[in-house]
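Here's the letter readout for the chains.
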Amino acid sequence: MSNPKISIIITIYQVEQYLVRCIDSVLNQTFKDFELILVDNGSTDGSSHICNKYKQKDSRIKFIQKNHGSIASGRNFGLKHAKGEFIQFMDADDSIDAGMLEKMHQSIVQYNADLITCGYKKMYKNKNAEEYFVSCEVEDRVFKKQDFLSVCAKYCENFILYFVWNKLYRADIIKSNGIWFDESITRSEDVLFNFDYIKKANRFVFIKDPLYIYNRSNVNSTSKGFHIQDVEMQSLTYNRIRNYLIKQGVYQSNERNLEHQYAVAMFSLIAQAYLTSLKVPKKVRRGYIESILQKSCTKKALQHFSNSGFLSNIIKYKLNKSIMFTDFIFSIYFFLKKGKLAD
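Residues numbered from 1 in each chain as written. Predicted model: local features only at pLDDT ≥ 70, side-chain atom pairs only at ≥ 80, totals over all residues. Heavy atoms only, no water.

Focus: the packing of aromatic side chains
A full pass over the atoms with the stated rule returns 23 aromatic pairs. With centroids separated by 6.2 Å and ring planes inclined at 80°, the aromatic side chains of Phe143 and Tyr155 adopt a geometry described as edge-to-face. Residue Phe143 is located in strand 8 (residues 141–144), and its partner Tyr155 is located in helix 6 (residues 154–157); the two are separated by 12 residues in the primary sequence. On the numbers, 4.4 Å between centres and 10° between planes, the contact of Trp165 with Tyr212 is stacked. Of this pair, Trp165 sits in the loop between helix 6 and strand 9 (167–170) while Tyr212 is found in strand 10 (residues 203–215), placing the two residues 47 residues apart along the sequence. For Tyr212, a relative accessible area of 0% puts it in the buried group. Members of the aromatic cluster, each reached through a chain of ring pairs, are Phe89, Tyr169, Phe181, Phe193 and Tyr197. In this structure, Lys121 packs its charged tip against the face of Phe133, placed 5.9 Å from the ring centre. Sitting over the face of the ring of Tyr262, Arg242 holds its NZ or CZ atom 5.2 Å from the ring centroid. (Phe/Tyr/Trp six-rings, centres within 6.5 Å; stacked < 30°, edge-to-face > 60°. Helix = DSSP H or I, 4+ residues; strand = E, 2+ residues; numbered from the N terminus. Buried < 20%, exposed > 50% of the residue type's maximum accessible area, 1.4 Å probe, protein only. Lys NZ or Arg CZ within 6 Å of the ring centre and 35° of its normal.)

Here it is as structure tokens:
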């Protein structure tokens, strides 16, 4: 086949229960001029069998396998094989609206844009295993470079820039500028990729419609755990973004949104420590929490944190001087929250 308009890259690892739904949502698109690149990232379940089965059915599907590595390594591997004019990423447990590719492609051509971003839906399951959805929409907007940079942290605060899967990119911008996912980190690699891309892009379009379906039904998997390096990776991410915005002269207009979101990210890490790693000794957990709360960048971020809830007031009024007391409060708080802050 000739080079397709869009290359869709899906990195796959141990997702056989979701994979059929994911692939079907791509093959059922109203826009047909695409290639689907399935990157098996070392799965040992039935994922590779499913991929092979689909490859035999549709010539637009490429199935490539690699040794197990990070999702960043899988996406980079897929990019090396992509032939499309535009690039879209998906997670293998998610799915997309049947009109997503058509709407995204139409917008990138109509506005001669470099980056298209759409809204998305979070998919959950209730106690009866019934699916329900929460929409995360954005305003329909078209930005030139400097206008977007002056407000871009707003799109960090609502996590829109945290993801690569609700976006359509120009392949030539990625490849000609050597933009790759950073394989040395395992947290927030998406937002760093997006900012590297934004540096080279000039026109940005946002589509209100929630066209991507983000599967959150397994958000509190007990296998996730927490790691002290996550704190450093999160700090590294925000420092890179801060430095870029300072260099562009737009940090001041972005400060509140960016610092607020950093505080949210730190709370999310704290929540993970209580909700997904209950067997870890208290001493280890307390050391982890203290490493977050005592960081100068965390203290700065809390000045901009606008949530006036019980937990944030405890932190902001510095009752965390006793980490044992803080650990007790956190334990009660996250037990009552039942994991909501981990999302």
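Observations concerning unusual backbone geometry
It is generally the case that most residues other than glycine have a negative phi and that most peptide bonds are trans. Residue Asn112 is not a glycine yet carries a positive backbone phi of 50°. In this structure, Asn112 sits in the loop between helix 4 (100–110) and strand 6 (115–125). Of the residues examined, Asn112 reaches a relative accessible area of 54% and is grouped as exposed.

Some details on the environment of His260
On the secondary structure map, His260 appears in helix 10 (residues 251–275). Classification of His260 by relative accessible area gives buried; the value is 9%. Note: C-alpha distance between His260 and Gln303 (43 residues apart in sequence) is 8.2 Å.

Quick look at the pairing of strand 6
By the criterion of burial, strand 6 is predominantly enclosed, with nine of the 11 residues buried. As paired strands, strand 6 and strand 9 are joined by three bridges and run antiparallel to one another. The residue of strand 9 that forms the bridge with Leu115 is Tyr169. When strand 6 meets strand 10, the two strands line up parallel, connected through nine bridges. (Pairing = 2+ DSSP bridges.)

Looking at the environment of Leu302
Its place among the elements puts Leu302 in helix 12 (residues 296–302). Residue Leu302 is classed as buried on the basis of its relative accessible area, which comes to 11%. For the pair Leu302 and Val264, spaced 38 residues apart in the sequence, the C-alpha separation amounts to 9.1 Å.

With respect to the packing of helix 9 (residues 228–247) against helix 10
For the pair helix 9 and helix 10, interaxial distance at closest approach is 11 Å and the crossing angle is 175°. Taken together, the axes of helix 9 and helix 10 are roughly antiparallel relative to one another. Seen from helix 9, the contacting residues are Asp230, Val231, Gln234, Ser235, Tyr238, Ile241, Arg242, Leu245 and Ile246; seen from helix 10, they are Tyr251, Asn254, Leu258, Glu259, Gln261, Tyr262, Ala265, Met266, Leu269 and Gln272. (Axes fitted to C-alpha atoms, helices over the stretch in contact; angles between N-to-C directions. Parallel < 35°, antiparallel > 145°, perpendicular 65-115°, else oblique. Contact = heavy atoms within 4.5 Å.)

Thoughts on helix 10
In a regular helix each residue adds 1.5 Å, so 25 residues correspond to 36 Å; helix 10 covers 34 Å between its end C-alpha atoms and thus fits that length. Of all bends in helix 10, the biggest is about 30°, found at Asn257. (Expected span 1.5 Å × (residues − 1). Bend = angle between axes of the 7 residues up to and from the residue.)

Brief notes about a nonpolar patch on the surface
A cluster of nonpolar residues, Phe325, Phe328, Ile332, Phe335 and Leu336, forms a patch on the protein surface that exposes about 570 Å² of accessible area. Relative to the helices and strands, Phe328 is located in helix 14 (residues 323–337). (Patch = residues over 30% accessible without salt bridge, like charges linked within 9 Å, V, L, I, M, F, W, Y side chains within 5 Å. Areas by Shrake-Rupley, 256 points an atom, 1.4 Å probe, with all protein chains shown as cover. Salt bridge = Lys/Arg side-chain N within 4 Å of Asp/Glu carboxyl O.)

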